[in-house]
Structure formats: structure tokens, C-alpha cells
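What follows is the residue order along each chain.
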Amino acid sequence: MIFKKTDLEDAYIIELERLGDSRGFFARAFCENEFANHGIDFSIVQANTSYSAKKHTLRGMHYQDKPYQEAKLIKCTKGAIFDVIIDMRMDSPTFKQWEGIELSEQNRKMLYVPEGFAHGFMTLEDETEVYYPVTQSYTPGAEKGIRWDDPAFNIQWPAPAEIVSEKDESWPFYENTVDKELRHQL
Ligand SMILES: Cc1cn([C@H]2C[C@H](O)[C@@H](COP(=O)(O)OP(=O)(O)O[C@H]3O[C@@H](C)C(=O)[C@@H](O)[C@H]3O)O2)c(=O)[nH]c1=O
């Protein structure tokens, strides 16, 4: 696995290290030891698949509150997404910064999302599937979100969002509530 630092502290783009032969190639999609070599303890407790029928469906921006924070390893197995993370850790040098990367069936890249980051994506093709192991069980009471179009972050999505869930439409704007909640947790 090839780990490449992103501009955000502790987040990585991971590319496959292909061992090719006449059949095709073999590559690790996860390796506990290689993660440990990068200082990451990634203990999978759940793995999710999401399917979106339509291009420009947007899911996000999601995270779980302390003590249920989760790390995620995002891989697009069919179609393509613009995957976005925001560093929500108040003590991080990249606090409140966002980064986006295209993950696709073709490029086979993965994004390692550390605990304390909000995560979301926009599909770039119809019939897109995303597969992602996570390090925490789903905890509905700890589910949090911020709006994908929040001016506090100004995420540059590649297209207007066409399909968004009611839940994602109803997340608060950061400056109104999230900032106060996060400060309260410190
Ligand atoms: C996330 C999740 C949802 N659900 C249920 C709740 C609901 O009935 C249905 C759909 O949930 P949501 O609308 O929250 O699904 P979705 O908007 O796809 O949520 C996901 O978005 C991406 C961006 C992430 O980063 C994930 O961690 C997760 O938050 O599935 C579970 O049972 N387990 C889970 O782990």
C-alpha cells in the first residue's frame, strides 16, 4: 500500500501497490502492519456499503461525537465520487480545513479519514458504490453533521448537489451550533 500525506494532518490517500502478473494484479486493500507503521491503529468493527443510483447525489458531512468518534477507510468500488473531509479537531494545525479527492473504480485510490473528521461525498456517475470499514459501531445518539454548503468551510464541490437526504438538509450551520458544542467538549 502506498501512503501519501494529504494537506490535512493525519489523513492519507492510499494507493494500491500492485503486484502484477499475467492474470492481472494482487494488492493489499488493508494491512494492519502497514497502518501501524504509519502510527495508525485501525481496528475495524463495521464495514459499510452505500449505493447511489444517481450522479450528483451528495451524502454528508458526517461524524460521530466523542467518545464514539470513528476513523474510516473510503474506497469507491463502482463509478466515481468526489470525497471530502473536514478536520474538526480544535487542537489540530489544520482545524476547519477541507480537502477533496476523486476516488473511482478506475483509480482504486482510498482515503483514510481519521477520528475527528467530518466526511461526505458527491457521486460523479450514476450507479456508484462506496465501501468503507469503520472503527466504531453506528451510534445513532452520537451522529452529528454539518451542512455540505456551510460557508464556514466553503467546500468547492464539482457540481451542484441534486439529491440530498432530509437529514443532510437539516444539519446546523457550523458557526451557530457546532463550534459551541465542540468547545464545550474540550
Ligand atoms: C451510517 C449507518 C446508517 N444506518 C441506517 C440509518 C438509516 O436508516 C440508513 C441510512 O443512514 P444515513 O442516511 O445516515 O446514510 P448515509 O448518509 O449514507 O451515512 C453515511 O454517510 C457517509 C458520508 C459517512 O461518512 C458514513 O459514516 C455515514 O454517515 O441506514 C445504519 O443502520 N448503520 C450505519 O452505520
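Calculation rules
- Residues numbered from 1 in each chain as written.
- Predicted model: local features only at pLDDT ≥ 70, side-chain atom pairs only at ≥ 80, totals over all residues.
- Helix = DSSP H or I, 4+ residues; strand = E, 2+ residues; numbered from the N terminus.
- Rg over C-alpha atoms; globule rule 2.2 N^0.38 Å.
- Buried ≥ 20, exposed ≤ 12 C-beta atoms within 10 Å, placed from the backbone.
- Contact = placed C-beta atoms within 7 Å.
- Near = placed C-beta within 6 Å.
- Nonpolar A, V, L, I, M, F, W, Y, C, P; charged D, E, K, R; others polar.
- Pairing = 2+ DSSP bridges.
- Axes fitted to C-alpha atoms, helices over the stretch in contact; angles between N-to-C directions.
- Core = buried A, V, L, I, M, F, W, Y, C linked by C-beta atoms within 7 Å.
- pLDDT = per-residue confidence, 0-100.

**Student:** What exactly am I supposed to notice about the overall build of the protein here?
**Tutor:** Across its full length, the protein holds 3 helices and 14 strands. The C-alpha radius of gyration computed for the protein amounts to 16 Å, which stays within 12% of the reference 16 Å derived for 186 residues, consistent with globular compactness. With the C-alpha coordinates of the protein rotated into their principal frame, the extents come out at 55 × 35 × 30 Å. For the protein, the proportion of its 186 residues judged to be buried stands at 30%. Restricting to contacts in the protein with at least 6 residues of sequence separation, those with at least 24 account for 79%.

**Student:** Got a minute to help me understand the site of the ligand in this structure?
**Tutor:** Contacts to the ligand come from Asn48, Ser50, Arg59, Gly60, His62, His119, Gly120, Phe121, Tyr138, Ser165 and Lys167. For the shell around the ligand, a count of residues per class yields 2 nonpolar, 7 polar and 2 charged.

**Student:** Just to check I follow, could you spell out the sheet that holds strand β5 (residues 46–52) for this structure?
**Tutor:** Paired through backbone hydrogen bonds, the strands of a sheet run either parallel or antiparallel to each other. Here we have 6 strands laid out as an open sheet, ordered β1-β2-β10-β7-β12-β5, and antiparallel in their pairing. What marks the edges here is a single partner per strand, and that holds for β1 (2–5) and β5. Averaged over neighbouring strand pairs, the angle between their axes works out to 25° when direction is ignored. Bridge count for β5 against strand β12 (residues 128–134) is 7 bridges, and the pairing is antiparallel. What sits directly across from Ser50, in β12, is Val130.

**Student:** Would you mind going over the nonpolar core with me for this structure?
**Tutor:** A general feature of soluble globular proteins is that nonpolar side chains tend to end up buried together. In this structure, Ile74, Ile85 and Ala118 are the most contacted members of the largest nonpolar core, which totals 34 residues. Here this core takes 5 residues from strand β8 (residues 80–87), the largest share from any one element.

**Student:** Got a minute to help me understand unusual backbone geometry in this structure?
**Tutor:** Negative phi is the rule for most residues except glycine; trans is the rule for most peptide bonds. Omega for the peptide link from Gly60 to Met61 comes to -5°, which places this bond in the cis form. Residue position: Met61 is located in strand β6 (residues 57–64). With a phi angle near 75°, Lys96 is a residue other than glycine that sits in the positive phi range. With respect to the helices, strands and loops of the structure, Lys96 is situated in the loop between β8 and β9 (98–104).

**Student:** Explanation requested: the confidence of the model for the protein in the structure shown.
**Tutor:** Of all residues in the protein, 98% attain a pLDDT of 70 or more, and the chain-wide mean is 95. What the predictor reports for the complex is a pTM of 0.96 with an ipTM of 0.98.

**Student:** What am I meant to see in the environment of Ser165 here?
**Tutor:** Note that Ser165 resides in the loop between β14 (163–164) and α2 (166–169). Sequence separation of Ser165 and Arg23 is 142 residues, and the distance between their C-alpha atoms is 42 Å.

**Student:** What exactly am I supposed to notice about the environment of Phe173 here?
**Tutor:** Locating Phe173 in the fold gives a position in the loop between α2 and α3 (174–185). Taking C-alpha positions, Phe173 is 25 Å from Ser52, a pair spaced 121 residues apart along the chain. Each residue touching Phe173, except ones within four places of it in the same chain, is listed here: Arg147, Asp150 and Ala152.

**Student:** Would you take a moment to explain the environment of Ser43 for this structure?
**Tutor:** Note that Ser43 resides in the loop between α1 (32–37) and β5. Its 10 C-beta neighbours within 10 Å are what place Ser43 among the exposed residues. Taking the C-alpha atoms as reference points, Ser43 and Leu19, 24 residues apart in sequence, are found 25 Å from one another.

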